[in-house]
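Remarks on the overall topology
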Amino acid sequence: MLSACEKNAYPEDHEQLSEEERIVIRFSHVVGEDTPKGLAARKFAELVKERTNGYVEIQVFPNSFLYKDGEEISALLNGDVQMIAPSTSKVTSLVPEWQVFDLPFAFESFEEVQEYVKGPAGEVLFKKLEQEGMFPLAFWDNGFKQMTNNHSPLHMPADFSGLNFRIMASDLLSEQFELLDADSQVETFDQVFPVLDKEQLNAQENTFSNIVNKNIHSVQDYMTISNHGYLGYLVLINNEFWKNLPDDIQIIMLDTLREVTEWNMKFASEINEENYEELQACRCLEIHELTDTEKKQWEDAFIPLYERFEERYGASYIEYLPKYQ
Ligand code: LMR
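As the structure is a computational prediction, the values presented were derived from the model and not from experiment.

1. Some details on unusual backbone geometry
Despite not being glycine, N53 has its phi angle at roughly 50°, a positive value. For N53, the location among the structural elements is in the loop between α2 (36-51) and β2 (56-61). Positive phi, close to 50°, is recorded for R283, a residue that is not glycine. Of note, R283 is situated in the loop between α10 (247-282) and β9 (286-289).

This is the structure:
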């Protein structure tokens, strides 16, 4: 009954509506349009517009055009934008338990990430976001991070000494480099290329798609394929705004997101694969694939991070990682 009433609550001839009469959702993000997040956001906006006959307009602002990292969460909470899709690392200032995704080698594959996200630990993590005023609508993939620098090849933990990495704002990421005797500095995503280009920093970690899309490879000489860290996104909407949307609009949005999320998962692995091939073909940086023996050394060096996480946030988040199940 309720949804039938609400269904009639807005006019059908949506093309005739002014911006004030339509539902306008401003969706801000920091990456380029031709990336797993950029394309998924655009696809979502197009499909929702089509499925609501133009009644719901999702305006996507890519490339930190409206808000940078560090600004976009407050913009969401203040209602200046209604949707954002930050990487998991970037919500850790509000919900530090999300640092479980920053633990090196926590996941081996997209499938393991999905298993964790859909399991009980994921459920609790999502609930914590809602308690902070951000309703989690979906979880999108990008891929696994690789290490790049312009100093020397990275094979063993000792090779990191003297490097200064750009990192996302997450304490665990800073501790990760501290353990390797390297320095790190938090920089917003739009600053990655400029700080490396001006040699204010000499290293960074990111996925193939972000490296290629921001042309990071042109200012770095070495890349180690380590797949040590996972980069995924939380598609978040302002809680109050979400609660006030009509049921039928919520249903259309959730249904569309389910479809877009499935598409994003496939597309993310394809584009990262494609971008890796591009990096191999460009011969612009020396590429090293981490061997199993080297990986074991890295994993051993990172054990204290797991211990510290457990001391701070309890054992369950780690015990539920698929590799320990
Ligand atoms: C980064 O800051 O390196 C990434 O979080 C950017 C992104 O959103 O993929």
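2. Description of the side chain of N239
By the element assignment, N239 lies in helix α9 (residues 239-243). The exposure class assigned to N239 is buried, which follows from its relative accessible area of 14%. In this structure the side chain of N239 is engaged in a polar contact, spanning 2.8 Å, whose partner is the backbone oxygen of E130. Not counting residues within four places of it along the chain, the set of residues in contact with N239 comprises E130, G133, M134 and F135.

3. Some points on the packing of helix α6 (residues 171-179) against helix α12 (residues 303-313)
Running from N to C, α6 and α12 cross one another at 145°; their axes reach a closest spacing of 10 Å. α12 is crossed by α6, and the crossing has right-handed handedness. Here L172, E175, Q176 and L179 of α6 lie close against α12, whose contacting residues are P304, L305, R308, F309 and R312. When grouped by side-chain class, the residues that make up the contact of α6 with α12 number five nonpolar, one polar and three charged.

Definitions and limits used
- Residues numbered from 1 in each chain as written.
- Predicted model: local features only at pLDDT ≥ 70, side-chain atom pairs only at ≥ 80, totals over all residues.
- Heavy atoms only, no water.
- Helix = DSSP H or I, 4+ residues; strand = E, 2+ residues; numbered from the N terminus.
- Buried < 20%, exposed > 50% of the residue type's maximum accessible area, 1.4 Å probe, protein only.
- Polar contact = N/O pair within 3.5 Å; in protein donor to acceptor, adjacent residues only side chain to side chain.
- Contact = heavy atoms within 4.5 Å.
- Axes fitted to C-alpha atoms, helices over the stretch in contact; angles between N-to-C directions.
- Left-handed = near helix turned anticlockwise from the far one by under 90°.
- Nonpolar A, V, L, I, M, F, W, Y, C, P; charged D, E, K, R; others polar.

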